[in-house]
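An overview of the molecular structure
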Amino acid sequence: MNKLNNLLNYERITSFVFDKDDFVSERIITFYQEYLFSGIYKPSAKNIKLIDEIIGEYTKKSKFYDFVKKKLIALELTNSDIDYYHNLDVNLKKMYKEFNNQIQVSNTKWL
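The rules we used
Residues numbered from 1 in each chain as written. Predicted model: local features only at pLDDT ≥ 70, side-chain atom pairs only at ≥ 80, totals over all residues. Heavy atoms only, no water. Helix = DSSP H or I, 4+ residues; strand = E, 2+ residues; numbered from the N terminus. Contact = heavy atoms within 4.5 Å. Phe/Tyr/Trp six-rings, centres within 6.5 Å; stacked < 30°, edge-to-face > 60°. Buried < 20%, exposed > 50% of the residue type's maximum accessible area, 1.4 Å probe, protein only. Polar contact = N/O pair within 3.5 Å; in protein donor to acceptor, adjacent residues only side chain to side chain.

1. Details of the side chain of Glu 57
Positionally, Glu 57 belongs in helix H3 (residues 45-60). When near neighbours in sequence (up to four residues on either side) are disregarded, Glu 57 contacts Phe 64 and Tyr 96.

Next comes the structure, spelled out in structure tokens:
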């Protein structure tokens, strides 16, 4: 079965236009392509779909885009010995969950 059949965001992600100085987006899009096709990763169909959803949100929602960029840059600056881009499959899932939790909390606050 072709793994692209269930990827709702593939075209959006692979054609995402970003500034030439946007190192974070470049790494995320490259990771996405490697995750799907390189053979380095051995993701399950469930994980492929989740990464497609997360990176799709990155390309669609400016708040999530800004959140991920700020988070990765801050992590990189404070822990220069760790390559946070190496484990994007794990780190993006954590950031997506954290972002959605923050949105949920802000939506449930009482005035």
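Resuming the write-up.
2. Considering the packing of aromatic side chains
What the rule picks out here adds up to 12 aromatic pairs. Plain terms: the ring middles of Tyr 10 and Tyr 32 are 6.1 Å apart, the flat faces sit at 35 degrees to each other, and that makes the pair tilted. Of the two residues, Tyr 10 is situated in helix H1 (residues 10-14) and Tyr 32 in helix H2 (residues 23-37); the sequence distance between them amounts to 22 residues. Across this residue pair, the class does not change: Tyr 10 and Tyr 32 are buried. When the ring of Phe 64 is compared with that of Phe 99, the centres are 5.1 Å apart and the planes differ by 55 degrees; the resulting orientation is tilted. Of this pair, Phe 64 sits in helix H4 (residues 62-78) while Phe 99 sits in helix H5 (residues 88-108), and the two are 35 residues apart along the sequence. Like Phe 64, the residue Phe 99 is buried in the burial classification.

3. Quick word on the side chain of Ser 25
You can see Ser 25 is positioned in helix H2. What makes Ser 25 buried here is its relative accessible area of 0%. Engagement of the side chain of Ser 25 in a polar contact is seen with the side chain of Tyr 58, the distance being 2.6 Å.

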